[in-house]
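Descriptive analysis of the structure
These are the residues of each chain, in order.
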Amino acid sequence: MRATAEMIASGAAAFSPASEVVIDCDLQKVFYGDFLAVRDSSLPVEKGKITGFIGPSGCGKSTVLRSLNRMNDLIPIFRFEGMVKYHGQDIYGRKVDPVVVRRYIGMVFQQPNPFSMSIYDNVAFGLRLNRFKGDMDERVQSALERAALWKEVKDKLKNSGMSLSGGQQQRLGIARAIATEPDVLLMDEPCSALDPIATRQVEELMLEFS
Amino acid sequence: MSELDLTASVPEEALMPHLERQLFERRAMKNGILTALTWAAAILGSIPLFSVIYMLVIQGGARLDLEALTALPPAGFESGGGFGNAIVGTLVMVGIAALISIPIGILAAVYLAVLGPYSKLAGIARFVAKTLTGFPSILAGVFTYAILVIAFGYSALAGGVSLAVLMLPTIVLAAEEAMKQVPQRMTDTAFGMGCTHTQVIWKVVLPTGLPGILTGVMLAVAGAAGESAPLLFTALFSNYYISELMEPTASLSILIYNFSAMPFENQIELAWAASLVLVLIVLAFNILARLVGQPRV
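The structure displayed is predicted, hence computed values, not measured ones. (Residues numbered from 1 in each chain as written. Chains lettered and ligands numbered in written order. Predicted model: local features only at pLDDT ≥ 70, side-chain atom pairs only at ≥ 80, totals over all residues. Heavy atoms only, no water.)

Next up on the list: the overall build of chain B. For chain B, the helix and strand inventory stands at 11 helices and 0 strands. When the helices and strands of chain B are placed in sequence order, the string is α-α-α-α-α-α-α-α-α-α-α. Against the 2.2 N^0.38 benchmark of 19 Å for 297 residues, chain B shows a C-alpha radius of gyration of 28 Å, more extended than a compact globule. For chain B, the C-alpha atoms occupy an extent of roughly 100 × 60 × 30 Å along the three principal directions. Here chain B holds 297 residues, and the buried ones make up 39% of them. The contacts of chain B with a sequence gap of at least 6 include a subset with a gap of at least 24, amounting to 72%. In chain B, 13 side chains carry a positive charge and 17 a negative one; their mean positions are 14 Å apart. (Helix = DSSP H or I, 4+ residues; strand = E, 2+ residues; numbered from the N terminus. Rg over C-alpha atoms; globule rule 2.2 N^0.38 Å. Buried < 20%, exposed > 50% of the residue type's maximum accessible area, 1.4 Å probe, protein only. Contact = heavy atoms within 4.5 Å. Lys, Arg positive; Asp, Glu negative; His and termini not counted. Charge placed at Lys NZ, Arg CZ, Asp CG, Glu CD.)

Take the overall build of chain A next. In terms of regular secondary structure, chain A is built from 8 helices and 8 strands. A globule of 210 residues ought to have a C-alpha radius of gyration of about 17 Å, and chain A, at 17 Å, matches this closely. A principal-axis box enclosing the C-alpha atoms of chain A has dimensions of 50 × 40 × 35 Å. A burial count over chain A gives 51% of its 210 residues as buried. Accessible surface, chain A: about 10000 Å² in total, of which carbon and sulfur atoms supply 49%. On chain A, the mean spot of the 26 positive side-chain charges and the mean spot of the 26 negative ones are 4 Å from each other. (Areas by Shrake-Rupley, 256 points an atom, 1.4 Å probe, with all protein chains shown as cover.)

Residue and element names in this part refer to chain A. The 4 strands lie next to each other as β3-β2-β5-β6, forming an open sheet whose pairing is antiparallel. Unpaired on one side and paired on the other, β3 (35–46) and β6 (89–90) mark the two borders of the sheet. Each of β2 (21–32), β3 and β5 (78–86) is contacted by helix α2 (residues 61–68), which is oriented at about 120° to β2, the strand it contacts most. (Pairing = 2+ DSSP bridges. Axes fitted to C-alpha atoms, helices over the stretch in contact; angles between N-to-C directions.)

With that out of the way, let us pick up the interface of chain B and chain A. Contacts between the two partners involve 16 residues from chain B, matched on the other side by 24 residues from chain A. Considering only the side of chain B, the residues that lose the most area to chain A are R185, T189 and M193 of chain B, jointly responsible for 31% of the buried surface there. Counting across the interface, chain B meets chain A through 1 salt bridge. A salt bridge links D188 of chain B to R66 of chain A; its shortest N-O distance comes to 3.4 Å. Where chain B packs against chain A, one counts 6 residue pairs in polar contact (both at pLDDT 80 or more). Only α7 (184–192) and α8 (197–225) of chain B provide two or more residues apiece to the side of chain B that touches chain A. Ranked by the residues each element gives to the side of chain B that touches chain A, the list is headed by α7 of chain B, at 7 residues. Residue classes in the side of chain B that touches chain A are distributed as 7 nonpolar, 6 polar and 3 charged. (Buried area = accessible area lost by both parts, 1.4 Å probe. Salt bridge = Lys/Arg side-chain N within 4 Å of Asp/Glu carboxyl O. Polar contact = N/O pair within 3.5 Å; in protein donor to acceptor, adjacent residues only side chain to side chain. Nonpolar A, V, L, I, M, F, W, Y, C, P; charged D, E, K, R; others polar.)

The subject of this paragraph is the pattern of salt bridges. Applying the stated criterion to the full structure yields 11 salt bridges over all chains. Linking R171 of chain A and E152 of chain A is a salt bridge whose minimum nitrogen-to-oxygen distance equals 3.0 Å. Here the residue R171 of chain A occupies a position in helix α7 (residues 166–179), and E152 of chain A occupies one in helix α6 (residues 150–153), the gap between them amounting to 19 residues. Under the relative-accessibility criterion, E152 of chain A is labelled partly exposed at 36%. Here R200 of chain A ties to E204 of chain A by a salt bridge, and the two come within 3.0 Å at their closest N and O atoms. On the criterion of helical spacing, the pair formed by R200 of chain A and E204 of chain A is a turn pair, its members being 4 residues apart in helix α8 (residues 196–209). You can call R200 of chain A partly exposed: its relative accessible area is 47%. Note on E204 of chain A: relative accessible area 37%, which makes it partly exposed. Overlapping salt bridges, with partners in common, bring together R126, E176 and K180 of chain B in one network.

In this section: the environment of V96 of chain A. Relative to the helices and strands, V96 of chain A is located in the loop between β6 and α3 (98–104). Beyond its immediate chain neighbours, meaning those up to four positions away, V96 of chain A contacts R70, D90, I91 and V101 of chain A.

Turning our attention to unusual backbone geometry. All names here are of chain A. Phi at D40 is positive, roughly 45°, even though this residue is not glycine. Even without being a glycine, E189 presents a positive backbone phi close to 45°. Assignment of secondary structure puts E189 in the loop between β8 (184–188) and α8. For E189, a relative accessible area of 14% puts it in the buried group.

Structure (structure tokens):
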């Protein structure tokens with residue numbers, strides 16, 4: 001368990017629920033302006049497995065991860081050479097909408113960052129984006145349960161997400177990301193801001209999903 | 001180790017660290033003097049507002065009654081009367097200015113803060129807005145005179161437009177600042193969940209930056225309510241209640257300007273009372289700005 005904690009806390013992890021390759025990538029060159037951030041990196045991400053990256057800080061873990069769901073497109077000086085295939089489709093293809101890519105390949109970030117709205121609305125956020133028509137209450141509850149947060153917040157769903165502790169906020173972030181049931185979840189050092197107990201809860205969660 | 005010997009003699013006093021406050025030590029004195037100076041400056045800075053309010057309450061409070069708030073301005077030797085039309089006129093023109101400047105200002109700020117913060121256009125717009133904040137208000141009046149009054153005559157609409165010109169830069173800059181305060185990790189998260197730019201702006205940036213945006217809006221409104229110079233060129237004045245937007249319209253600031261220079265006691269008293277009402281309106285918007293600007297958890 002200890003070793004796992006080290007590995008995930010110092011690396012970034014990608015996982016997908018349900019053993020075929022979901023994401024196959026070959027990053028030849030990733031630039032931020034003139035700075036070559038990552039070169040010649042390739043890795044397959046398999047279905048139902050947790051894939052972790054480890055390395056010293058500043059080596060490009062986050063850059064690789066952010067290239068997998070086109071989050072880097074938001075940085076104007078970002079340049080990319082190579083390919084990322086998701087179920088065989090090139091996500092950097094000319095006709096691909098990065099917004100849609102991100103709906104299939106979700107992301108949880110390093111810092112806990114609830115939106116300034118209620119706990120319920122935080123989890124429902126992604127569902128509403130996708131114009132989810134089913135039973136919202138049930139989906140919110142199940143996402144919170146899977147993120148091991150339901151018991152702690154079930155009586156204060158109307159409270160602001162900001163009122164939770166750091167560890168709870170991070171699990172809220174995970175609940176929010178899994179509520180839409182993305183195919184792949186990218187997690188960028190999700191436990192770096194958490195204490196050991198919360199870290200363990202997040203890790204157990206990841207094991208459960210895989 | 002043996003236990004601590006409590007009966008051991010106390011070390012010599014000279015060797016003890018000296019912890020008591022020494023008022024006349026060099027650094028302590030410097031610190032004391034500077035603190036006193038900042039206190040004095042803070043008090044000095046508050047004197048103008050409080051003395052103005054004090055004077056207005058003394059001079060204008062006596063005439064502040066229902067008649068003053070509702071009646072029309074009196075003519076030369078008349079007694080009584082009020083400035084109800086000027087209060088309505090000020091509120092209408094500030095309202096028109098708000099309707100024009102708030103949507104344009106916030107949309108411009110969205111562009112500056114979120115969509116194209118580093119673009120050339122953003123750089124130019126930001127520079128223009130900053131220059132306009134120091135723009136002499138009378139020039140806003142002259143500008144509106146040239147584009148509207150010459151063609152359509154003096155009107156409440158022209159008054160509102162000239163006030164909008166003055167409010168716009170304040171709103172743009174305050175709203176941009178408020179939206180920039182929204183942490184990037186929050187917008188990143190929203191993008192990471194598959195939001196389009198519009199959704200990120202609408203669901204995350206605007207709601208999160210709302211208190212700051214409203215503060216800027218309220219301050220701009222408060223500033224516009226007290227303006228007189230631009231209205232001289234655009235709305236002029238009227239002795240009657242406003243009945244349509246395209247006619248000369250009364251405002252508190254112009255009424256104060258007119259009445260304070262008259263040789264009649266009655267008008268001068270009303271000018272004081274109108275000043276008090278104007279200050280109270282401005283103060284109310286400022287207090288509102290503080291209330292809405294408070295961070296909510």
